[in-house]
Amino acid sequence: MRKTILSRRTMLRSLTTGVGVAVGLPIFEAMLNDHGDAFAADGAPLPLRYGTFFWGNGVRPDRWVPNKLGAAWWEDPNEELVSIANTPEVRERVNILSGFRLVPISGTAHHMPRGQVLTGSYTPSPGGACCGSVAGPSADWLVRQAWSGQSLLRDAVDVGISQMNKGASSFSVSSGTVFDDNGNAQPLEMSPRAVFDSLFGNGLPKDVPQVDLTAFQNSRYAMVDLVREDAARLRAKLGAKDQARIDAHLEQLFEVERSIDALESASSCAVPTEYPEPADYYRQEVMITQDGQPATITGELLTEKNEVMANLVALSLACDLTRVFTYQHHGMQTDTVFWNLPSVSLGHHQSTHDDRNDSPNPQAQDFEAVHEISAYVMSQFNVLLKALASMPEGSGDVLDNCAIYAVSEYGDASAHSQQNLSILTAGRAGGALESGVHFDGAGRYVQDVPLTLMRAVGLEIDGFGQGELRSTSPFDAMLA
Amino acid sequence: MVRTIALCSLSLLTACYAGRDGANADGETDGADDAPTAGAEDGGDDDGADDDGNAEAAPFPGGLRRLSRAQIANAYRSVLRAPDLDLGDALPVDPSTDEDFRFDTELVAFAPFGAADVDKLDRAALAAAAEAFADADLLTCAPAAADDDCAAGFLRDMLRRAFRRPATDDEVAAYTELAVSTATSLDDVQIGLEFATATALQSPWLLYQVEPTDPDGGTRTLDSYELASRLAFFVWNEPPDEELAKLADEGTLTDDDVLRAQVQRMLADPRAAANMQGFFRQWFGYGSIELLPKNSGVFPQFGPPLANAMRIELDHAIDQIVGGEDYRSLFTSDQTWATPLLADFYGIEHPGGTGVGAQLDHWEAEEAGAGCNAEGLPAGFHNLCSDTAVLSRTVDVPKGADAHRISIRAYATQGGDELANMRVSVDGAVVLETDVEAEADAPQVYTVDTPLAAGAREITVQLTNDYYVPPENRDLVIDWIEVDELTPGGTEPVALTLPPERRGLLTRAGILATYAKPIDTSPTTRGLFVRQRLLCDEVPAPPPGVATDLPPIGGDVKTNRERVAQHMQDPVCAGCHQFIDPLGLPLEHFDGIGEYRETHDGAALDVTGALDGVTFDGAIEMGQTVAADPRAMQCAVKQLARFAFGQEEGEHQEAALVELATVLDDSGSWPTFIEAFVLSDFFRTVGPETAQ
């Protein structure tokens, strides 16, 4: 059958879809060549995507590392990876990386390894004080800069699931997973509603049904211009430091203009109905059972939120609204309480150590809790991977064209071990990555992994990280 | 690992405190008059240091401070004249931090808006403006064109609220031009004004507090608009209201008398109490007690209801201070504001039992029963004169409560058990029928819980003597009857006296639970709370690579004092833990959720402690010691300044803040201090950029 060549924008405009319906906008059979692996019009390859999945506090390596090394790891997985091993449409595109380690430097627990695994950088605070700082960009930041402007709407979508760090308890810790060039942590969007609005809310006035799109866009551009004018008037009254801050603020306005640019295409990918969600995934009264006694506590609806967020991220990639994402399940060292798991009653970080010695059920209970949490987090990562695999694209699906770096700051967080980190990759980067393999890094440093993934999606970089934490040695075994 | 430990012991053995408050932490007070050379060692920063090496006093530097999410939301409500506007998740979130405690204003004041933030603001502004324009209240006239008188008046007023100063003619012209061009191209006048409004909502003039520095590098007095803005956000967390805006326009706000009257007016408004409560909640860190991870196996009673009761108690303690009660009583007060749940947790009586709320009626039964005229009979309603005595009273029941409690107190005038039947009816329907059995001098309260419909209800109490009680033995007396509202779940707090083991903040359950672990106390965390938050002493974090786990309880190790003793012996840890733990161990009589315990699993507790040479025994003496320490006042002032100005004080600000603390010290009154704070030059001026 003869294929009609359509412009991509025409195609997008003609489609409408709904979130729960994982239609994916097939990129777009009509637009592809006979092999379904490139655009027919200009032979350009399908877009590649880069993602980071982060979770805090590691795993229990003895129950996480697959028993089988090499290809088809899922044939003999370990307990905590069963969910992925049992998902045929996903597992063949997942690599398990064991035997990778941190560069041995000193620094604050959790903070130092978090800096290493995500940015290949870390500067300790003077005198050993908490917490040191990240000194460079995260891998996803480099990718989003390299690809800036290429997707239809956003350079990246950064989301988080657990908001436990919002709790002002003395245990609260960090949400930093995305870092800019200066190592400043960037905000994550924790509200599915806000993610939805950011991707699919087109700002068209509801009460004016017949809007001339061009006129609308022009008025919207005029708004941005006026904000700039205001800023210029303000700038003239300020000292040098504050002038720089205003300049930085103004630079970000390009994002608004881009939203306006993308109105026609993005709106056609928009979901026509209101997005259903609970008012707040954060504080829900949920029933739990403690020692057989039901009780009501206030907890997070983690599973429900993850499902919604995974679908939103997958859809944003499928619609080419973005090509880079960061997905933080829960932050490093976070005390997220997994109320939904039977053995868990402490926060995650707390469970990994600290009090197990004088726990009423010494050791066994908390270790079991850590194991359950690890298995659960892997199942939640699997939900994201399944969502990506459900979006058809060309001859395959979106996951094929992804390179996803899934990592925690530790393997064994209980011991603050600098060895045996817990790392997975997912996707084939359009065929550039080997997949379905359990690799043994045999003491390689973790920074090699994001370097490899960035090169797999086409970044021409010869290294990743700063100073003594910089890697210039990609893990070639993982490249196809 | 070994290497890092060696490094740490070098760096930490000498002293624990590394912070800018070092001068305080050596145990000397800051009463600088008898220590003229104090501060001579802080010569690291040459900017503005005088000849003696002291930092030149200066207020916080001027410049831009980003509004917090809550402040932006309030600004939107002000601009759009929509006090109830619900912005949900629409506005950018404030940044958070890994580091130790900082106020939300500190985190946000100098944080950049990222690309995602700017984009969110744009959408939030459009959506909020659209919602406001859909409401009839925003436009008070009907514009026929986007530049007619009506539209021009609207834009000028709207910009006045958005920029918190009058817009210049240039600005009005620019906004009018946008409104006109939009109205023309989209063929809708209102959309034109809506877009102009949505633009003002994203203007940097709205998003930042603008307080430019003096161009000549000196200290500059804020003008009346800047002062109105600073004052309103400080006291109310909101932009100026109409009255403040009017005084700013008139230029009189900068007059001392006018400013004082305004502070007093604002402090009397509930918004001030709410904002101050926000400050104290952040400072003391108790805003989310219900989210504390507590092991339900160890603490089955800890859950949202109890956590909520703990928060209510703390909020009330704060309200008392903010309302003018002696500030030191924060640390020493014997009062609580306890729900029945918390009262039970504290082991004290709650007068009404569970869930008693407002009292609807209470009457002393003065009239005797029928047939009684004899002298010498006891006061009160009784059954001495007849077989049956009936007492009725009409009670006005307001709407609101779902249930009510009728209480009757009875006693006997003679010895011996006497019996009568008591029947209580509401509008003729019997709600309680019981034998009354009272002993002399042991009054009993009989209660019945029943819903009372709103309106006038007739309550009838009837006493009937049992047939076998001989008349001479009849001596039952009812001395009062009361009708109360019942609140579902028993959440209504009342003022009660704390049990003898508790006094003040350090013994309140919400604080003790917050600074503890999921299954146990934490003397170190509690000590850090006192050191860092209450006294503003700085303590460095544990050196990397050091195990912070305590040895388990078992064998000779029976209490946390014995567990933390290890820290004291290990030179790597001792430097700091000697400084911290003696301020946590005195609280060991309170477990991980703040419940009193006489022993720790049977082991006797030694709750002695020390603060820089002052020793004490137990939580109450520690509270008195903290209350008497000048650092407690100075720290309160510093914390408030950090909250108000979104930045930490430096050496230039130190002296002024210590000076302001004397107002709190002398008056003991928080509102008096706030007034002095606002009227001070420190509040009304901005320093040069170098004053950091």
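Before any of the text, the structure's been laid out above.
Rules used throughout
Residues numbered from 1 in each chain as written. Chains lettered and ligands numbered in written order. Predicted model: local features only at pLDDT ≥ 70, side-chain atom pairs only at ≥ 80, totals over all residues. Heavy atoms only, no water. Helix = DSSP H or I, 4+ residues; strand = E, 2+ residues; numbered from the N terminus. Buried < 20%, exposed > 50% of the residue type's maximum accessible area, 1.4 Å probe, protein only. Areas by Shrake-Rupley, 256 points an atom, 1.4 Å probe, with all protein chains shown as cover. Contact = heavy atoms within 4.5 Å. Axes fitted to C-alpha atoms, helices over the stretch in contact; angles between N-to-C directions. Parallel < 35°, antiparallel > 145°, perpendicular 65-115°, else oblique. Nonpolar A, V, L, I, M, F, W, Y, C, P; charged D, E, K, R; others polar. Pairing = 2+ DSSP bridges. Phe/Tyr/Trp six-rings, centres within 6.5 Å; stacked < 30°, edge-to-face > 60°. Lys NZ or Arg CZ within 6 Å of the ring centre and 35° of its normal. Patch = residues over 30% accessible without salt bridge, like charges linked within 9 Å, V, L, I, M, F, W, Y side chains within 5 Å. Salt bridge = Lys/Arg side-chain N within 4 Å of Asp/Glu carboxyl O. Lys, Arg positive; Asp, Glu negative; His and termini not counted. Charge placed at Lys NZ, Arg CZ, Asp CG, Glu CD. Disulfide = S-S within 2.5 Å. Polar contact = N/O pair within 3.5 Å; in protein donor to acceptor, adjacent residues only side chain to side chain. Core = buried A, V, L, I, M, F, W, Y, C linked by side-chain atoms within 4.5 Å.

Engineer: Summarise the overall build of chain A; cite the residues concerned and give the values.
Structural biologist: The number of helices and strands found in chain A is 15 helices and twelve strands. For chain A, buried positions account for 62% of its 480 residues. For chain A, the exposed area adds up to about 17200 Å²; of that, 49% sits on carbon and sulfur atoms.

Engineer: Any details on the side chain of serine 316 of chain A? Residues and values, ideally.
Structural biologist: When you line up the elements, serine 316 of chain A lands in helix α12 (residues 302–318). Ignoring any residue separated from it by four or fewer positions in sequence, one finds serine 316 of chain A in contact with Val157, Leu199, Leu321 and Thr322 of chain A.

Engineer: Which residues make up the packing of helix α13 (residues 270–284) of chain B against helix α18 (residues 523–534) of chain B, and what values go with them?
Structural biologist: Residue and element names in this part refer to chain B. Relative to each other, α13 and α18 sit at 130 degrees, their axes nearing to 10 Å. Judged on the interaxial angle alone, α18 and α13 are oblique. Here Gln282, Trp283 and Phe284 of α13 come into contact with α18, specifically with Phe529, Arg533 and Leu534. When grouped by side-chain class, the residues that make up the contact of α13 with α18 number four nonpolar, one polar and one charged.

Engineer: Account for the sheet that holds strand β10 (residues 402–408) of chain A, with residues named and values stated.
Structural biologist: All names here are of chain A. Reading across the sheet, the eight strands line up as β2-β12-β3-β11-β10-β1-β7-β4 and stay open at both edges, with mixed pairing between neighbours. Pairing within the sheet leaves two strands with one partner each, and these edge strands are β2 (70–71) and β4 (157–160). Of the pairings in the sheet, the one linking strand β1 (residues 49–55) to strand β7 (residues 324–330) comprises six bridges and is parallel in character. Bridge pairing in β7 places glycine 51 opposite phenylalanine 325. With respect to the sheet, α12 is in contact with β1, β4, β7 and β10, its orientation differing from that of β7 by roughly 170 degrees.

Engineer: Could you give an account of unusual backbone geometry, with specific residues and numbers?
Structural biologist: For alanine 442 of chain A, which is not a glycine, the phi torsion comes out positive at approximately 50 degrees. By the secondary structure assignment, alanine 442 of chain A is in the loop between β12 (437–440) and α15 (448–456). Not every positive phi belongs to a glycine, and aspartate 601 of chain B is a case in point at roughly 50 degrees. Inspection of the secondary structure puts aspartate 601 of chain B in the loop between α20 (571–580) and β15 (608–611).

Engineer: Can you break down the packing of aromatic side chains residue by residue, with the values?
Structural biologist: Here a ring pair, both rings aromatic, is described through the centre-centre distance and the interplanar angle of the planes. Residues and elements named next belong to chain B. Taken as a whole and assessed by the stated rule, the structure comprises 38 aromatic pairs over all chains. A centroid spacing of 5.2 Å and a plane angle of 50 degrees characterise the contact between phenylalanine 279 and phenylalanine 643, whose relative ring orientation is tilted. With phenylalanine 279 in helix α13 and phenylalanine 643 in helix α22 (residues 630–645), this residue pair connects regions lying 364 residues apart in the sequence. For phenylalanine 279, a relative accessible area of 0% corresponds to the buried category. Phenylalanine 643 sits in the buried class, given a relative accessible area of 7%. The residue whose ring lies beneath arginine 66 is phenylalanine 113, and the NZ or CZ to ring-centre distance is 3.9 Å. Looking at arginine 230, its charged tip hangs above the ring of phenylalanine 683, at a distance of 5.7 Å from the centre.

Engineer: Describe the pairing of strand β11 (residues 423–426) of chain A, and please don't skip the residues or the numbers.
Structural biologist: Residue and element names in this part refer to chain A. Residue alternation in β11 divides its side chains into two sets, Ile423 and Thr425 and Leu424 and Ala426, and both sets are buried. When β10 meets β11, the two strands line up antiparallel, connected through four bridges. Counterpart to alanine 406 in the pairing with β11 is leucine 424.

Engineer: Account for the environment of glutamate 349 of chain B, naming residues and giving values.
Structural biologist: Positionally, glutamate 349 of chain B belongs in the loop between α16 (340–346) and β5 (356–364). C-alpha of glutamate 349 of chain B to C-alpha of leucine 496 of chain B: the two residues are 147 residues apart in sequence and 8.4 Å apart in space.

Engineer: Can you tell me about a negative patch on the surface, naming the residues and giving the values?
Structural biologist: Residues and elements named next belong to chain B. Where like charges cluster on the molecular surface, the negative patch consists of Asp86, Glu131, Asp135 and Asp137. Tracing the backbone shows glutamate 131 in helix α5 (residues 115–134). A relative accessible area of 48% places glutamate 131 in the partly exposed class.

Engineer: Break down the state of the cysteines for me, citing the residues and quoting the values.
Structural biologist: Residues and elements named next belong to chain B. Counting across every chain of the model gives two disulfides over all chains. At a sulfur-sulfur separation of 1.9 Å, the disulfide partner of cysteine 141 is cysteine 150. Handedness of the cysteine 141-cysteine 150 disulfide follows from its S-S torsion of about 95 degrees: it is right-handed. Taking relative accessible area as the criterion, cysteine 141 reaches 34% and is therefore assigned partly exposed. Disulfide pairing places cysteine 536 opposite cysteine 635 at an S-S distance of 2.1 Å. Its torsion about the S-S bond being 80 degrees, the disulfide of cysteine 536 and cysteine 635 is classed as right-handed. With cysteine 536 in the loop between α18 and α19 (560–569) and cysteine 635 in helix α22, the pair connects residues that are 99 residues apart, well separated along the chain. Judged by relative accessible area, which is 2%, cysteine 536 ranks as buried. Taking relative accessible area as the criterion, cysteine 635 reaches 1% and is therefore assigned buried.

Engineer: Go over the side chain of arginine 66 of chain B, please, and point to the residues and values.
Structural biologist: In this fold, arginine 66 of chain B is placed in strand β1 (residues 63–66). There is no salt bridge for the buried arginine 66 of chain B, and the closest opposite charge comes from aspartate 117 of chain B, which lies 4.4 Å off by N-O distance. A distance of 3.0 Å separates a polar atom in the side chain of arginine 66 of chain B from the backbone oxygen of proline 112 of chain B. Not counting the four nearest positions on each side in its chain, arginine 66 of chain B is found in contact with Arg245 of chain A together with Pro92, Val93, Pro95, Val108, Ala109, Ala111, Pro112, Phe113, Asp117, Leu207 and Tyr208 of chain B.

Engineer: So, the pattern of salt bridges: which residues are in play, and what are the values?
Structural biologist: Residue and element names in this part refer to chain B. Per the counting criterion, the structure on display carries 60 salt bridges over all chains. Between arginine 165 and glutamate 171 there is a salt bridge, with the nearest N and O atoms lying 2.8 Å from each other. By relative accessible area, arginine 165 is classed as buried at 14%. Residue glutamate 171 is classed as buried on the basis of its relative accessible area of 2%.

Engineer: Give a description of the nonpolar core that names residues and reports values.
Structural biologist: All names here are of chain B. Core analysis: the largest hydrophobic core is formed by 92 residues, its most contacted members being Phe234, Trp283, Phe284, Tyr327, Leu640, Trp670 and Phe677. It is α22 that contributes the most residues to this core, ten residues altogether. Among residues more than four places away in sequence, those in contact with tryptophan 670 are Met276, Phe279, Phe280, Ile321, Val322, Tyr327, Ala636, Leu640 and Leu664. Ranked by size, the runner-up nonpolar core spans 67 residues in total, among them Ala82, Val118, Ala125 and Ala162.

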